[in-house]
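So the chains spell out like this:
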Amino acid sequence: MENELEKVLEYIEEEDVKFIRLAFRDAFGVQKNISVMPGEITKAIRDGIPINARAIAGFEGCKDANLYLKPDTTTLAILPWRPDSGRVIRLFCDVFTASGRYFEADTRYILKKSVDKAKDKGFEFKFGSETEFYLFKKDDEGNITDEPYDNAGYLDIAPLDKGENIRREICLTIEKMGLTPERSHHERGPGQNEIDFHYGRPMKAADQMTTFKMVVNTVADRNGLKADFSPMPLKHMPGNGYHINIYATSESGEDVAEYVAAGILDKIRDITIFLNPTEASYARFGRSTAPDRVNWSEAGESELVYIDKHIGSKTRVELRSPDAMSNPYLVYALLIRAGMYGIENKLQLPEVDDANGPMLPKTREEAAAAAAESEFVKSILPQEIIDRYTKF
């Protein structure tokens, strides 16, 4: 800890840092933060900075009045849109109780436990993301409108694609924060964009997704626009998906991708409420190329799971149902455990049947009921998190 503290203190001095954002997330993955001055960072790293536990969604069941934020020093990043003189940095935090234990309902900790469980069994998971969002105009008073930023379509270019410069600014900003986007392009809907990331270890991938959404929202706002990640921003246009690419490796070198895919297919109805937490999530299912059935293929169009066995590459499992209103820490934790279920039971993929596979939940209520009754979900998540998603 002292070595980590020394490095942070050196960085603060060398980079003229004047403000530090200590960031964490609530049960739904919404980023929160508390800001401290550089003189408080030693206390933050050693003892934590207190927050009112019961004011945070999903933390209400905490027995203590306060919880404590302790920064993960490996997540230090400059906020590039803040001044170069008197810089602002951000650190993601873990949440602890007053007794110094991890807080069980902190979703970052829930993911950490799933990663450790897989590691103990000799398996490692990595995740990549393909995330869509719309850009909408604001009026002269700065109010958000329902008018898309452009009328371009899939893979169109400027001048029809007006989002090109915004996407470039987003990618360059993210790079300055130590992350590397893979691809970006215009999507099918008017004003709809997509930016993809290479796969990374689960915690880094979840932190990356949280950072990405913050940057997209910030860059859009600085350009007089509103970014919208919701599943169905426009009623009669393609929805926004958050496709997740999953890679799993074993110490023995065994190809376990199909077991992982089979496990996810087996448990998908149990976990859908956490992957798709809003009412609009279910309006997206079955529209455009969004899946609505529990099925898979090696073709990759509208199936729930696409298995890519590209020659010379590791087998990739792409899950296509989630949307970006979900909490990536919970999503990855549940996918790891579903994948492990498939591996440990050597589950076989069902026959490819695009037309007659079981249906995904059709409503948020149906998805919530499946999760509330699931012993699988109860074995992974604390009851207060389950209740937050399943009780209306």
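Since we're looking at a predicted model, the values are computed, not measured.

Colleague: Which parts of the structure should I look at to understand the overall build of the protein?
Modeller: On a plain count of helices and strands, the protein comes out with 11 helices and 15 strands. Against the 2.2 N^0.38 benchmark of 21 Å for 392 residues, the protein shows a C-alpha radius of gyration of 21 Å, consistent with a compact globule. For the protein, the spread of C-alpha atoms along the principal axes amounts to about 60 × 50 × 45 Å. Here the protein holds 392 residues, and 55% of them are scored as buried. Look at the contacts in the protein between residues 6 or more apart in sequence, and 70% of them connect residues 24 or more apart. By element, 46% of the accessible surface of the protein is carried by carbon and sulfur atoms, the whole surface being about 17500 Å².

Colleague: Explanation requested: helix α5 (residues 202–222) in the structure shown.
Modeller: Residues that lie three or four places apart on an α-helix share one face, since the helix turns once every 3.6 residues. A rise of 1.5 Å per residue sets the reference length of α5, with its 21 residues, at 30 Å; its end C-alpha atoms lie 30 Å apart and thus fit the reference within 8%. Within α5, 15 of the 21 residues are buried, leaving the element largely enclosed by the surrounding structure. Following α5 by one or two positions, Gly 224 adopts a phi angle in the positive range, close to 75 degrees.

Colleague: What is the right way to look at the side chain of Glu 187 in this model?
Modeller: In this structure, Glu 187 sits in the loop between β9 (181–186) and β10 (192–200). Residues contacting Glu 187, with those up to four places away along its chain left out, are Glu 132, Ala 152, Gly 153, Tyr 154, Gln 192, Asn 193 and Glu 194.

Colleague: How do you make sense of the side chain of Asp 270 when you look at a structure like this?
Modeller: Within the fold, Asp 270 resides in helix α6 (residues 257–275). Put simply, Asp 270 is tucked away with no salt bridge, and the nearest opposite charge, on Lys 267, sits 4.9 Å away. Beyond its immediate stretch of four places on either side in the chain, Asp 270 contacts Ala 370, Ala 371, Ser 374, Phe 376 and Val 377.

Colleague: Teacher, can you tell me more about the layout of surface pockets here?
Modeller: Where empty space is left becomes clear once a probe the size of a water molecule has been rolled over the atoms. By volume, the largest pocket amounts to about 830 Å³. Asp 72, Thr 74, Arg 108, Met 203 and Lys 204 are the residues nearest the centre of the largest pocket, which is lined by 38 residues in total. Of all the secondary-structure elements, those providing two or more residues to the lining of the largest pocket are β4 (66–71), β6 (87–96), α3 (107–120), β7 (123–138) and α5. Partitioned by chemical class, the residues of the lining of the largest pocket number 17 nonpolar, seven polar and 14 charged. In this structure, the second largest pocket encloses a volume near 620 Å³. For the second largest pocket, the lining is made up of 34 residues, of which Glu 130, Glu 194, Asp 196, His 243 and Glu 318 are closest to its centre. Within the lining of the second largest pocket, the residues separate by chemical class into eight nonpolar, 12 polar and 14 charged.

Colleague: Could you clarify how one ought to interpret the pattern of salt bridges in this entry?
Modeller: Note that side chains of opposite charge can pair when their charged atoms are close. Inspection of the entire model under this criterion finds 25 salt bridges. Note that Glu 147 and Lys 137 form a salt bridge whose closest N and O atoms lie 3.1 Å from each other. In this pair, Glu 147 sits in strand β8 (residues 144–148) while Lys 137 sits in strand β7, placing the two residues 10 residues apart along the sequence. Glu 147 gets classed as partly exposed once you look at its relative accessible area, which sits at 41%.

Colleague: How should the packing of aromatic side chains be read in this particular structure?
Modeller: Given two aromatic rings, their pairing is described by the distance between the two centres and the angle made by the two planes. One pass over the structure, following the stated rule, counts 15 aromatic pairs. Between Phe 133 and Phe 229, the ring centres sit 5.5 Å apart and the planes meet at 40 degrees, which makes this aromatic pair tilted. Placement of the pair is Phe 133 in strand β7 and Phe 229 in the loop between β11 (225–228) and β12 (242–250), with a sequence separation of 96 residues. Under the relative-accessibility criterion, Phe 229 is labelled buried at 5%. Centroid distance Phe 274 to Tyr 389: 4.8 Å. Interplanar angle 55 degrees. Geometry classified as tilted. Separated by 115 residues along the polypeptide, Phe 274 in helix α6 and Tyr 389 in helix α11 (residues 383–390) bring together distant segments of the chain. Each member of the pair, Phe 274 as well as Tyr 389, is classed as buried.

Colleague: I would appreciate a short explanation of α3 in the present structure.
Modeller: Taking 1.5 Å as the rise per residue, α3 with 14 residues should run 20 Å; its terminal C-alpha atoms sit 20 Å apart, in good agreement. Of the residues making up α3, those classed as buried are Thr 107, Arg 108, Tyr 109, Ile 110, Leu 111, Ser 114 and Ala 118. Phi turns positive, to about 90 degrees, at Gly 122, one or two residues after α3.

What counts as what
Residues numbered from 1 in each chain as written. Predicted model: local features only at pLDDT ≥ 70, side-chain atom pairs only at ≥ 80, totals over all residues. Heavy atoms only, no water. Helix = DSSP H or I, 4+ residues; strand = E, 2+ residues; numbered from the N terminus. Rg over C-alpha atoms; globule rule 2.2 N^0.38 Å. Buried < 20%, exposed > 50% of the residue type's maximum accessible area, 1.4 Å probe, protein only. Contact = heavy atoms within 4.5 Å. Areas by Shrake-Rupley, 256 points an atom, 1.4 Å probe, with all protein chains shown as cover. Expected span 1.5 Å × (residues − 1). Lys, Arg positive; Asp, Glu negative; His and termini not counted. Salt bridge = Lys/Arg side-chain N within 4 Å of Asp/Glu carboxyl O. 1 Å grid on protein atoms, 1.4 Å probe; cavity = no way out; pocket = protein on both sides within 12 Å on 5 of 7 lines; lining within 4 Å. Points joined across faces, edges and corners; volume = space filled by probe spheres on them. Nonpolar A, V, L, I, M, F, W, Y, C, P; charged D, E, K, R; others polar. Phe/Tyr/Trp six-rings, centres within 6.5 Å; stacked < 30°, edge-to-face > 60°.

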